[in-house]
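# A closer look at the structure
Residue-level listing of the chains:
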Amino acid sequence: MKILIVGDGGRESALAMKLKDDPRITKMYFANGNATTDVLGKNIYQTEIIQLRDYAIKEQIDLTIVGPEAPLVGGIVDEFNNHGLRVFGPKARAARLEGSKAFSKKFMQTYDIKTAKAVVFDSYPEASEYLKTQDYPLVVKASGLAGGKGVVICEDHEEAEATIYDFMIRRIYGDAGIQVVVEEYLQGFEASIIAFSNGEKLFPCIPVKDYKKVGNGDRGANTGGMGSAAPSPQFRADHMDDFQKNILEPTIRGLKAENLQFKGFIFFGLMVTKKGCYLLEYNMRLGDPETQCIMALLENNLVDVISNCLDGKDIDLKFNDEKAVCLVMCSGGYPRTIETGFEIKGLDKAKNSQILFAGAALRGDKIVTTGGRVLNLVATGATFDEARKKVYADALPIQFDYGFYREDIGKF
Ligand code: AMP
Ligand code: GLY
C-alpha cells in the first residue's frame with residue numbers, strides 16, 4: 001500500500017509516526033514534508049492540486065490523507081475523486097465550513113448548533129453602523145482563510161471599527177475580508193474535538209487542549225498552537241453530553257440536510273462557558289498540534305479506521321488511558337517575523353519523548369529550521385505531570401538560535 005500525506009507540519013509527522021510500523025504500507029510520500037517525513041518516506045516538492053493528482057496517478061497511490069485546509073478548500077478531494085483516487089477529506093463544498101466563516105455561521109444558525117450570537121456583513125457601512133450599537137469586547141472575524149490571523153478580539157468600538165476597515169476596505173487579508181462576522185465575546189476555556197466522518201456518522205476523539213497564545217499563562221498573540229494536552233481534564237463528562245446533544249448531533253443533521261456529507265476529519269473548536277459548550281468554528285481537517293496528542297493515545301490502526309470510514313462503515317475508536325503532552329519549540333519572533341536556517345543541535349540528547357519535526361528540514365547531515373513552529377516533543381505518562389517532565393527534560397538540550405517555547409504546557 002502506498003500512502004500520500006499532504007502537508008508539512010508536526011501534524012503530518014505525527015501521522016507518519018503512527019503509520020510507519022504498519023506492515024501493509026510499502027511507501028509513504030509527503031507533499032512537501034519535513035525532516036521527520038524525509039526519513040520515514042519520500043518528500044515530494046509539489047503543491048499544485050493538479051500536480052499532486054498526476055503524481056498520485058503515476059505512483060499508484062492507494063490512499064491520500066490531506067492535512068492543511070488550503071488544498072481542501074481548493075478542491076483536492078474533488079479532483080482526486082474524479083480520477084478514481086482514494087482520499088480522506090471533504091470536498092470543496094463541505095470544506096467551505098472552514099473556508100468561509102460567514103457560511104459556517106449561517107449553517108450553525110440554521111441548524112440550531114449552539115454558537116456565539118453573530119451577524120454576517122458584506123457591506124462596510126452596515127457593519128460600521130452596527131458596531132456603534134454594541135457592547136464590548138466584541139469579536140470581529142474575516143470570513144475567509146487568513147492564516148489564523150483573521151480573528152480580532154476588540155476591546156472597544158474604536159478597535160472594532162479599525163478592524164473592519166482593515167479587513168473590508170484595506171483588505172489586509174485580501175478577499176478573506178470581503179465578508180466579516182461580528183460575534184459576541186464568550187468567556188471560558190477552549191477545547192478541540194476532532195471527529196472521523198464515515199459519510200453519515202461522526203466519531204469523536206478525546207477532547208484536546210490547545211495552548212493558542214504565544215506566552216506563558218495564555219498571554220500575547222494567538223498562534224497556530226504552542227502545545228497541546230489530552231484528554232483535556234477541564235472538559236468533563238457533562239460537557240461531552242452538552243457537546244453531543246447541542247453541537248455534534250445538529251451538525252450531523254445539518255450536513256445531511258445540506259448534502260454536505262463527507263469522509264474525512266471535522267474539528268470542532270469549542271468555547272466552554274458557564275452555560276456550557278459553544279461552537280466557535282469548524283475546521284475540516286485534523287488540528288495541529290492536537291493531532292500529535294491524539295496519535296500518541298489512539299490505539300486503533302489508523303489505516304483501518306480511515307479505510308472503514310471511506311467504505312462507509314462504523315468505527316469504534318479506542319484511546320489508552322494515559323495522558324499526552326505535546327510541546328512546540330518555535331523560531332524567535334513567531335508568530336510574527338521569523339528568521340530561519342539555523343542548525344538544530346542536541347537532538348540526540350532527547351531520550352524521553354518523541355521528536356516530531358515541523359518547520360525543519362534535512363540539509364546534508366544537519367537539521368535546520370525552516371518555519372515558525374520548528375519541532376514538537378510528545379510524551380505520554382500516567383499523569384500530566386509525568387508527561388510534562390519528559391518533554392521539558394528533552395527541550396533543555398535541544399538548541400537553535402533564538403528558539404523558544406512555553407513553560408506551562410500540560411499545566412491546567
Ligand atoms: P476561530 O478561528 O473562529 O476559532 O477564532 C480563533 C480564536 O479566537 C479562538 O480559538 C478563540 O481563542 C478566539 N475566539 C474566537 N471567537 C471567539 C468568541 N466568540 N469569544 C471569545 N474568543 C473567541
Ligand atoms: N490548533 C488549531 C488548528 O489546527 O487550527
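Residue positions are given per chain, counted from 1 along the sequence in the order it is written. The naming scheme follows written order: chains are lettered A onward, ligands numbered 1 onward. For this predicted model, a pLDDT threshold of at least 70 governs which residues receive local features, and a threshold of 80 or more governs which side-chain atom pairs are given and counted, while totals over whole chains, interfaces and linings are taken from all residues. Water and hydrogen atoms were dropped before computing side-chain values, which therefore reflect all heavy atoms in the structure.

## Observations concerning the sheet that holds strand β8 (residues 151-154)
- Strands pair, by our definition, only if DSSP identifies at least two bridges between them. Secondary structure elements are defined from DSSP: runs of H or I of at least 4 residues count as helices, runs of E of at least 2 residues count as strands, and each element is numbered from the N terminus. In spatial order, the strands read β6-β9-β7-β8; together these 4 strands make up an open sheet with antiparallel pairing. Edge positions in the sheet fall to β6 (118-121) and β8, since each has one partner strand and no second. Strand-to-strand twist across the sheet, computed as the mean angle between neighbouring axes with direction ignored, equals 20 degrees.
- Two strands pair when backbone bridges link them, and β6 and strand β9 (residues 180-184) are joined in this way by 4 bridges, in the antiparallel orientation. When the sheet's bridge partners are listed, valine 119 is paired in β9 with valine 182.
- Here, residues are in contact when the closest pair of their heavy atoms is within 4.5 Å. Throughout, an axis means a line fitted to C-alpha atoms (over the contacting stretch in the case of helices), and angles, computed between N-to-C directions, take values from 0 to 180 degrees. Strand contacts of helix α8 (residues 124-132): β6, β7 (138-142) and β9, with the helix running at about 150 degrees to β6, the strand carrying the most contacts.

## What to know about the layout of surface pockets
- The method works on a 1 Å grid over the protein atoms by themselves. A cavity is a set of points holding a 1.4 Å probe that cannot get out, a pocket is an open set with protein on both sides within 12 Å along at least five of seven lines, and residues with an atom within 4 Å of a point line them. Grid points are joined across faces, edges and corners, and a volume is the space filled by probe spheres set on the points. Taken as a whole, the second largest pocket spans an internal volume of roughly 260 Å³.
- What lines the second largest pocket is a set of 17 residues, among which Asn81, Gly89, Lys91, Phe262 and Lys263 lie closest to the centre.
- Counting residues per element, the ones that place at least two in the lining of the second largest pocket are α5 (76-82) and α6 (92-99).
- For the lining of the second largest pocket, the class distribution of residues is 8 nonpolar, 5 polar and 4 charged. Three residue categories are used. Nonpolar comprises Ala, Val, Leu, Ile, Met, Phe, Trp, Tyr, Cys and Pro, charged comprises Asp, Glu, Lys and Arg, and polar comprises the others, including Gly.

## Points about the packing of aromatic side chains
- Stacked, edge-to-face and tilted are the three classes for Phe, Tyr and Trp ring pairs, Trp counted by its six-membered ring, which pair at centre distances within 6.5 Å; planes under 30 degrees apart are stacked, over 60 edge-to-face, the rest tilted. Within this structure, the stated rule accounts for 14 aromatic pairs.
- Arranged with centres 5.2 Å apart and planes meeting at 50 degrees, the rings of phenylalanine 107 and tyrosine 111 form a pair that is tilted. As far as burial versus exposure is concerned, phenylalanine 107 and tyrosine 111 are alike and both buried.
- Geometrically, the ring pair formed by phenylalanine 196 and phenylalanine 265 is edge-to-face, given 4.8 Å between the ring centres and 65 degrees between the ring planes. Remark: phenylalanine 265 occurs in strand β16 (residues 263-273) and phenylalanine 196 occurs in strand β10 (residues 189-198); sequence separation between them is 69 residues. Relative accessibility thresholds used throughout: buried, under 20% of the residue-type maximum; exposed, over 50%; partly exposed, between the two (1.4 Å probe, protein chains only).

## Focus: the pairing of strand β1 (residues 2-7)
- Along β1, 5 of the 6 residues are buried, which leaves the element largely enclosed by surrounding structure.
- For the handedness criterion, the strands are oriented away from the viewer, and a crossover whose path from the first strand over the helix to the second runs clockwise is classed as right-handed. Handedness of the β-α-β unit built from β1, helix α1 (residues 10-19) and strand β2 (residues 27-32) comes out right-handed.
- In this structure, β1 lies alongside strand β4 (residues 63-66), joined through 4 bridges in parallel fashion. Looking at β4, one finds that isoleucine 3 is bridged to leucine 63.

## A closer look at the site of ligand 1
- Any residue with a non-hydrogen atom lying within 4 Å of a molecule or strand is treated as near it. Neighbouring ligand 1 are 16 residues, the closest being Lys141, Glu183, Glu184, Leu186 and Glu190.
- Identification of polar contacts relies on pairs of N or O atoms within 3.5 Å, with a donor-acceptor requirement for protein atoms, meaning one able to donate a hydrogen and the other able to accept it, and with residues adjacent in sequence counted only if both atoms are side-chain atoms. The side chain of lysine 101 places a nitrogen or oxygen atom 3.0 Å from an oxygen atom of ligand 1.
- Within the backbone of glutamate 184, an N or O atom sits 2.8 Å from a nitrogen atom of ligand 1.
- Those elements that place two or more of their residues in the shell around ligand 1 are β7, β8, β9 and β17 (276-283).
- Counted by class, the shell around ligand 1 contains 8 nonpolar, 1 polar and 7 charged residues.

## Topic: the site of ligand 2
- The full set of residues close to ligand 2 is Asp210, Gly224, Phe267, Asn283, Arg285, Gly287, Asp288, Pro289 and Glu290.
- Within the contact set of ligand 2, a nitrogen atom lies 2.9 Å away from a side-chain nitrogen or oxygen of glutamate 290.
- Isolated, ligand 2 exposes 200 Å² of accessible area, and the fraction of that covered by the protein chains is 87%.
- Within the shell around ligand 2, the residues separate by chemical class into 2 nonpolar, 3 polar and 4 charged. In these tables, accessible area is a Shrake-Rupley quantity obtained with a 1.4 Å probe, and a residue counts as shielded only by the protein chains included in the view.

## So, helix α11 (residues 290-297)
- The element α11 is largely enclosed, with a buried count of 7 among its 8 residues.
- Glu290, Thr291, Gln292, Cys293, Ile294, Met295 and Leu297 are the residues of α11 that are buried.

Keep in mind these numbers describe shape, not what the thing actually does.
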